[in-house]
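Spelled out from the first residue to the last, the chains are:
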Amino acid sequence: MRYFRLPDLGEGLADADIVEWHVKAGDTVAVDQLLLSVETAKAIVELPSPCAGVVSHCFGEPGDTVNTGEPLVEFVQDEGSDTTGREDNGSVVGEMPVARERSEDHFVIGQGNSLNAGARVRVTPSVRALARRLNVDIQQISGSGPDGRITADDVEKAGRLDQQLGQGERLTGVRKSMARTMALAHAQVVPVTLFDEADVSHWETTEDVSVRLVQAIAAGCAAVPDLNGWFHGDEQHQQMTRRLISQIDLGIAVDTEQGLFVPVLRDVASRSADDLRAGLDRLKADVRARTIPPREMQGATITLSNYGAIAGRYGTPVVVPPTMAILGAGRVLEKPLCAMGELFAGKVLPLSLTFDHRAVTGGEASRFLAAVITDLQKEPDLIDR
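Residues numbered from 1 in each chain as written. Predicted model: local features only at pLDDT ≥ 70, side-chain atom pairs only at ≥ 80, totals over all residues. Heavy atoms only, no water.

### Here's the deal with the overall build of the chain
Per the secondary structure count, the chain includes six helices and 19 strands. Relative to its 385 residues, the chain shows a buried fraction of 45%. (Helix = DSSP H or I, 4+ residues; strand = E, 2+ residues; numbered from the N terminus. Buried < 20%, exposed > 50% of the residue type's maximum accessible area, 1.4 Å probe, protein only.)

### Notes on the sheet that holds strand 2 (residues 15-21)
With antiparallel pairing, the four strands of this open sheet are ordered in space as 5-4-2-7. Looking at the sheet topology across the chains shown, the edges are occupied by strand 5 (44-48) and strand 7 (65-67). On average, adjacent strands in this sheet sit at an angle of 40 degrees to one another, irrespective of strand direction. Here strand 2 pairs with strand 4 (residues 34-39) via four bridges, running antiparallel. By the bridge assignment for strand 4, isoleucine 18 is matched with valine 38. The sheet strands contacting helix 3 (residues 173-188) are strand 2, strand 4 and strand 7, and the helix crosses strand 2 at an angle near 165 degrees. (Pairing = 2+ DSSP bridges. Axes fitted to C-alpha atoms, helices over the stretch in contact; angles between N-to-C directions. Contact = heavy atoms within 4.5 Å.)

### What about the pairing of strand 4?
The element strand 4 is extensively covered by neighbouring structure, given that five of its six residues are classed as buried. As judged from the five bridges shared by strand 4 and strand 5, these two strands associate in the antiparallel manner. Across the sheet, the residue bridging to leucine 34 is proline 48, located in strand 5.

### Let's talk about helix 2 (residues 152-165)
Along its 14 residues, helix 2 runs 20 Å from first to last C-alpha, staying within 8% of the 20 Å computed at 1.5 Å per residue. Looking one or two residues beyond helix 2, the residue adopting positive phi is glycine 166, at roughly 90 degrees. (Expected span 1.5 Å × (residues − 1).)

### Describing the sheet that holds strand 6 (residues 53-58)
The strand order across the open sheet built from four strands is 1-8-6-3, with neighbouring strands paired in antiparallel fashion. The sheet terminates laterally at strand 1 (3-5) and strand 3 (28-29), the two strands that pair on one side only. Direction of pairing for strand 6 relative to strand 8 (residues 71-75): antiparallel, over a ladder of three bridges. Bridge pairing links valine 55 to phenylalanine 75 in strand 8.

### What about the packing of aromatic side chains?
Note on aromatic pairs: each is described by the distance of the centres and the angle between the planes. All chains considered together, the criterion is met by two aromatic pairs. Ring geometry for tyrosine 3 and phenylalanine 59: centres 6.2 Å apart, planes at 50 degrees, overall tilted. Pair noted here: tyrosine 3 is in strand 1 and phenylalanine 59 is in the loop between strand 6 and strand 7, with a separation of 56 residues, a long-range link. Their ring planes at 90 degrees and their centres at 5.8 Å tell us that phenylalanine 195 and tyrosine 314 sit as a pair that is edge-to-face. Of this pair, phenylalanine 195 sits in strand 9 (residues 191-199) while tyrosine 314 is found in the loop between strand 16 (302-305) and strand 17 (325-329), placing the two residues 119 residues apart along the sequence. (Phe/Tyr/Trp six-rings, centres within 6.5 Å; stacked < 30°, edge-to-face > 60°.)

### Digging into the environment of glycine 299
With respect to the secondary-structure elements, glycine 299 resides in the loop between helix 5 (273-288) and strand 16. When the C-alpha atoms of glycine 299 and threonine 323 are compared, they prove to be 9.0 Å apart, with 24 residues separating the residues in sequence.

### Here we look at the packing of helix 4 (residues 209-223) against helix 5
Packed helix pairs are characterised by how far apart their axes lie and by the angle those axes make with each other. Where helix 4 contacts helix 5, the two axes come as close as 10 Å, and the packing angle between them is 115 degrees. With respect to their mutual orientation, helix 4 and helix 5 come out roughly perpendicular. Judged by the twist between their axes, the crossing of helix 4 over helix 5 is right-handed. Every residue of helix 5 that contacts helix 4 at Ser210, Val211, Val214 and Gln215 is listed here: Ala273, Leu276, Arg277 and Leu280. Partitioning the contact of helix 4 with helix 5 into residue classes produces five nonpolar, two polar and one charged. (Parallel < 35°, antiparallel > 145°, perpendicular 65-115°, else oblique. Left-handed = near helix turned anticlockwise from the far one by under 90°. Nonpolar A, V, L, I, M, F, W, Y, C, P; charged D, E, K, R; others polar.)

### Considerations on the environment of leucine 353
Within the secondary structure, leucine 353 sits in strand 19 (residues 342-356). The spacing of leucine 353 and isoleucine 326 is 27 residues in sequence and 6.0 Å in space, taken between C-alpha atoms. Ignoring anything within four residues of it in the chain, the contact list for leucine 353 reads Val192, Thr193, Leu194, Leu227, Ala325, Ile326, Leu327, Ala365, Phe368 and Leu369.

### Considerations on the pairing of strand 19
Note that strand 9 and strand 19 share nine bridges and pair antiparallel. Bridge pairing in strand 19 places proline 191 opposite aspartate 356. Here strand 17 pairs with strand 19 via five bridges, running antiparallel. Across the sheet, alanine 325 pairs through a bridge with phenylalanine 355, a residue of strand 19. Pairing between strand 18 (residues 333-339) and strand 19: seven bridges, direction antiparallel. Bridge pairing in strand 19 places glutamate 334 opposite lysine 347.

### A few points about the side chain of aspartate 15
Relative to the helices and strands, aspartate 15 is located in strand 2. Among the polar contacts made by the side chain of aspartate 15, one reaches the side chain of arginine 180 at a distance of 2.9 Å. In contact with aspartate 15, other than residues within four places in its own chain, are Leu6, Thr40, Thr65, Val66, Asn67, Thr68, Lys176 and Arg180. (Polar contact = N/O pair within 3.5 Å; in protein donor to acceptor, adjacent residues only side chain to side chain.)

### Some words on the confidence of the model for the chain
Looking at the chain as a whole, its pLDDT mean stands at 82, while 84% of the residues score no less than 70. Below a pLDDT of 50 lies the segment residues 80-119, which in the model reaches 119 contacts outside its immediate sequence neighbourhood of four places, other chains included. (pLDDT = per-residue confidence, 0-100.)

In structure tokens form, the structure reads like this:
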């Protein structure tokens, strides 16, 4: 074996960012000894050595992005040893399974550069030298020259901007994944948002708002199943499919210092309020500890964003393909209400439902939102879960 390459980390993860090296050139390592830690959009992953040997070279520095299949470590090669990059069991290095994967309900949803990207940047040696002298990262520059070539003027402009405003922060890990996902949603989805509010004047101050919202979404899906599922649209080839799913796997947008996570609370319609609360707490704890398995971030059929736990009344939550809808919940507020001709001080919960109009009609979305509101407005002793 000569090279250890970034393994396929699964779940559609095409790259990872180097967090920390645990070895250096010249070190002798044993099988399964920790080589480095990398960060994906899902978790911190520790990569062990698939073989024993001496490290010849480590590719990349902390913060660099590495694509799947690109080299991470080069081992000293003994004369006559196999150079095919295969292990004794015949599996290609960099494709073996990875071992040892390595938050109050503030739920918010909006939802690279490769290691050898420098070799693909179109730039002359003199311009590259200018970038080094000005401490400009050429990976962050869009070239204005022919075929996207980076010019000296591009570098000087970037240098002046860095001087005036400070160097830009390269997005990595969770924030980079969020940026990609939001760009994909903006490009693919045809969003429409409906706004309304539920009268929750009867709620006690101890009401578990998050659990009530989860239960109300389950009630909405039971009444109008058309929003729970996946839509795949390929307009170019005129191939579009809608898959309605009976089980409600709810994506819960979780705001963290590292960025946005959307873990999935499974089969919410069949669970009790206590079980839902326990599930929410467990997801939050795993997200904040960065120990949540990648599979628990996949497969949502509809999404909840409870941004009102922080601030805000209404919003335009972003639908992330292939899901078709997301419910946003604002801050509960007091306001004058009227019932049977009488004014009283009541409480309302603002709601914002965004749906993909390619797959969901306005009538379906309106009926879903009405069912959600009806459930939220039920008296606690009338809720049959």
